[in-house]
Amino acid sequence: MFVKEITKRYDGKAVVDGVSFEVPKGKVLSLIGPNGAGKSTVMGMLSRLIARDSGLVDFEGTEITRWKSRELSKRLAILTQANNVQMKLTVRELVAFGRFPYSGGRLTQEDNEIIDRAIAYMELGDFEEQFIDELSGGQRQRAYIAMVIAQDTEYILLDEPTNHLDTSARERFYDFIRRTSATALIISHDRTLLNLLPAICELSRNKLTYYGGSYDFYKEQKKIHQNALLQQLEEKEKAFRLARKTAREVEERKAKQNVRGEKAALKKGIPRIMMGNLKNHAENSTGKLNNIHIQKSEKIRQEVMDIRNSLSQTDKLKTDFNASALHTGKILVTAQNINFHYPDSNTNLWTVPLSFQLRSGNRFCIKGDNGSGKTTLLRLITGELTPTGGTIERADFTYVYLDQEYSLIQNEYTVSEQAEAFNLRHLPEHEIKTVLNRYLFPQDVWNKPCGKLSGGEKMRLAFCCLMIADNTPDLFILDEPTNNLDIESIEIITATIRNYQGTVLAVSHDRDFLKETGIEQEISFFL
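What this report covers is the structure whose coordinates are included nearby. (Residues numbered from 1 in each chain as written. Predicted model: local features only at pLDDT ≥ 70, side-chain atom pairs only at ≥ 80, totals over all residues. Heavy atoms only, no water.)

### With respect to the overall build of the chain
Our working rule: Elements are defined by DSSP. Helices are runs of H or I of four residues or more, strands are runs of E of two residues or more, and each kind is numbered from the N terminus. Per-residue accessibility, obtained with a 1.4 Å probe over protein chains only, is compared with the maximum for each type, and a residue is labelled buried under 20%, exposed over 50%, and partly exposed between these values. In what follows, a contact means two residues having at least one pair of non-hydrogen atoms within 4.5 Å. Methods summary: accessible areas were calculated by the Shrake-Rupley approach with a probe of 1.4 Å, and residue burial reflects only the protein chains presented.
Across its full length, the chain carries 17 helices and 18 strands. Taking all 527 residues of the chain together, 47% fall into the buried category. Put simply, of all contacts in the chain between residues at least 6 apart along the chain, 72% involve residues at least 24 apart. Total accessible area on the chain is roughly 27000 Å²; 48% of this is exposed by carbon and sulfur atoms.

In structure tokens form, the structure reads like this:
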């Protein structure tokens with residue numbers, strides 16, 4: 001697959017502008033980049049789901065728009081990030097759609113055998129007759145992956161395939177990627193998955209950079225590059241200060257010379273008209289010299305800005321919360337033999353009741369299969385729900401709950417309104433704006449509706465609001481915090497939680513996030 005100079009504009013603004021690359025046959029490549037860089041738009045244009053404004057996509061020697069849909073579907077399978085089926089389908093019926101290009105809806109014995117294998121591979125057998133809209137997000141994602149497997153194509157385009165998957169399902173998907181002979185392009189922020197792939201393409205500012213190696217190799221190369229940029233920035237800022245100082249000294253020196261020249265001319269009795277001519281000549285010379293230094297300063301200032309814009313967000317943003325006021329070891333939550341069932345069911349969520357104790361300073365991860373009740377347990381711990389069996393005791397402590405949608409942020413507010421809503425200390429307006437800038441929200445986005453922010457932007461705004469409120473919680477509760485985030489945003493939240501001196505309770509299947517934030521203790525339950 002060859003991609004040449006593809007471009008897509010929305011409302012006159014180029015989201016993707018002149019991007020070119022190749023996906024060699026038989027290779028599995030990843031496509032990464034910050035939210036808003038145009039990754040999903042690129043994949044949409046490759047799959048014909050989004051019409052491009054210009055450029056070429058050559059698929060096996062033919063412009064992809066010239067392929068007949070049914071024939072293309074036998075060669076190319078697509079998994080988008082937003083999978084919404086409007087029909088009432090069971091898991092098996094959805095997976096069977098993968099065979100439609102071959103059977104036209106009339107499944108053969110071979111089709112059914114392929115469907116059976118795909119369902120078994122993604123461990124969907126226990127609920128293959130359940131409707132898709134009755135499943136958890138992770139279970140639905142497994143069904144969509146099974147559909148791609150059943151389609152059995154030579155080329156695969158996958159957009160965030162491991163989103164919502166639990167640990168077991170991720171391992172199944174990793175195994176599929178290791179075994180596949182298909183040519184694949186994968187958009188992902190899953191660092192474990194990226195480390196399985198032989199090459200990474202980074203899309204940033206309409207520029208595609210190829211890294212021939214795993215994610216760890218890419219990260220090391222980026223670190224070397226960022227360190228070089230930081231050194232350049234330091235040198236350019238020093239040169240800028242020197243250029244401004246030189247310009248100021250030249251101006252002051254010339255001003256003094258002019259004053260001395262006027263006094264000397266008066267003593268010598270030089271006519272005033274001649275003095276005026278000499279003064280104009282001196283001022284013109286000074287102006288020209290000043291302009292040279294001003295232009296030099298402006299050139300260096302622009303270079304400084306360019307380097308700053310090239311730095312990653314993690315180098316530009318450092319978030320440090322104060323330590324929790326609670327003494328380490330204080331008992332926050334004690335659960336004894338708790339269980340729960342919803343009003344419309346008499347079946348308990350957990351086969352074995354749960355007992356545990358959460359103390360100040362602990363870092364716990366709640367682990368379990370998709371649909372096993374992890375989020376329900378968080379709601380029991382916060383007191384939002386009451387257990388239907390057993391007892392749970394809570395001490396007096398503060399907490400902040402960050403879910404994968406960052407619901408702390410009100411979508412109907414603008415960025416500045418959201419920040420002001422947390423201004424409980426009545427900080428002056430200029431201080432609020434300073435904090436917003438620190439969290440990478442410049443003036444041109446202050447009036448942007450929060451509903452239009454990316455996941456990474458919502459995460460930064462959530463931390464920004466907590467800083468404005470001076471609200472360092474005793475407990476951070478994180479429910480799949482790295483879902484919907486790009487890699488730079490994941491690194492920001494990872495650094496924030498790693499540096500936070502307090503208690504952490506997380507639901508996450510991101511093993512790198514758990515390892516790097518020191519979350520090692522577990523509360524585990526599986527279906």
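So, next bit.
### Some thoughts on the packing of aromatic side chains
As a reminder of what qualifies: The rule is short: rings of Phe, Tyr and Trp, with Trp giving its six-membered ring, pair when the centres are within 6.5 Å, and they are stacked under 30 degrees, edge-to-face over 60, tilted in between. Here, over-ring charges are defined by two tests on the NZ atom of lysine or the CZ atom of arginine: distance to the ring centre within 6 Å, and angle to the ring normal within 35 degrees.
Taken as a whole, this structure holds nine aromatic pairs when the rule is applied. For the pair Phe 59 and Trp 67, a centre-to-centre distance of 5.3 Å together with 65° between the ring planes defines the contact as edge-to-face. Classification of Trp 67 by relative accessible area gives buried; the value is 18%. Pairing Phe 173 with Phe 176 gives two aromatic rings, centres 6.2 Å apart and planes at 45°, and the pair type is tilted. Here Phe 173 pairs with Phe 176, and both are found in helix 7 (residues 167–179), just three residues apart, close to one helical turn. By relative accessible area, Phe 173 is classed as buried at 1%. Among the aromatic side chains, those forming a connected cluster through ring pairs are Phe 59, Trp 67 and Tyr 155. Of note, Arg 99 hangs over the ring of Tyr 102, and the distance from its end group to the ring centre comes to 4.1 Å. Over the aromatic face of Phe 441 sits the side chain of Arg 460, whose NZ or CZ is 4.9 Å from the ring centroid.

### Here's the deal with the packing of helix 14 (residues 429–438) against helix 15 (residues 455–468)
The criterion, for reference: With axes taken as lines fitted to C-alpha atoms, and helix axes fitted only over the stretch in contact, angles between N-to-C directions fall between 0 and 180 degrees. When the near helix sits turned anticlockwise from the far one by under a right angle, the crossing is termed left-handed; a clockwise turn instead gives a right-handed crossing. Three classes are used: nonpolar for Ala, Val, Leu, Ile, Met, Phe, Trp, Tyr, Cys and Pro, charged for Asp, Glu, Lys and Arg, and polar for all others, with Gly counted as polar.
Remark: helix 14 packs on helix 15, axes separated minimally by 10 Å, with the N-to-C direction vectors making an angle of 145°. Note that helix 14 runs across helix 15; the crossing there is right-handed. On the side of helix 14, the interface is formed by Ile 432, Val 435 and Leu 436, while helix 15 contributes Leu 461, Cys 464 and Ile 468. Per-class residue counts for the contact of helix 14 with helix 15 are six nonpolar, no polar and no charged.

### Remarks on the sheet that holds strand 18 (residues 521–524)
Quick note on the threshold: Strand pairing is assigned whenever DSSP detects at least two bridges linking the two strands.
Spatial strand order, 15-16-17-13-18: five strands in an open sheet with parallel pairing. Strand pairing shows two members of the sheet lacking a second neighbour, strand 15 (399–403) and strand 18, which therefore form its edges. This sheet shows a mean twist of 15° between the axes of neighbouring strands, independent of strand direction. As judged from the four bridges shared by strand 13 (residues 363–367) and strand 18, these two strands associate in the parallel manner. The partner of Phe 364 across the bridge, within strand 18, is Gln 521.

### Thoughts on the environment of Leu 76
When you line up the elements, Leu 76 lands in strand 6 (residues 76–79). Residue Leu 76 is classed as buried on the basis of its relative accessible area, which comes to 4%. Between the C-alpha atom of Leu 76 and that of Ser 47, which follows or precedes it by 29 residues, the distance is 8.1 Å. Setting aside residues up to four positions removed in sequence, Leu 76 forms contacts with Leu 46, Ser 47, Phe 59, Ile 64, Gln 151, Thr 153, Tyr 155, Ile 156 and Leu 157.

### Notes on the environment of Gln 81
Relative to the helices and strands, Gln 81 resides in the loop between strand 6 and helix 3 (91–96). Residues Gln 81 and Pro 161, 80 residues apart in the sequence, show an inter-C-alpha distance of 7.3 Å. Filtering out sequence-adjacent residues up to four positions away, Gln 81 remains in contact with Ser 40, Asp 159, Glu 160, Asn 163 and Asn 484.

### Quick look at the pattern of salt bridges
Which entries qualify depends on this criterion: A pairing counts as a salt bridge when a side-chain nitrogen of Lys or Arg comes within 4 Å of a carboxyl oxygen of Asp or Glu.
Throughout the structure, instances matching the rule amount to 20 salt bridges. Lys 25 is the partner of Glu 154 in a salt bridge, and the nearest nitrogen-oxygen pair spans 3.5 Å. One end of the pair, Glu 154, is in the loop between helix 6 (137–151) and strand 7 (155–159); the other, Lys 25, is in the loop between strand 2 (13–22) and strand 3 (28–32), with 129 residues separating them in the sequence. Residue classification places Lys 25 among the exposed residues on the basis of a relative accessible area of 56%. Across the salt bridge formed by Arg 170 and Asp 190, the nearest N and O atoms sit 3.3 Å from each other. Placement of the pair is Arg 170 in helix 7 and Asp 190 in the loop between strand 8 (183–187) and helix 8 (191–194), with a sequence separation of 20 residues. Across the pair, Asp 190 and Arg 170 agree in class, each one buried. Overlapping salt bridges, with partners in common, bring together Lys 25, Glu 60, Arg 75 and Glu 154 in one network.

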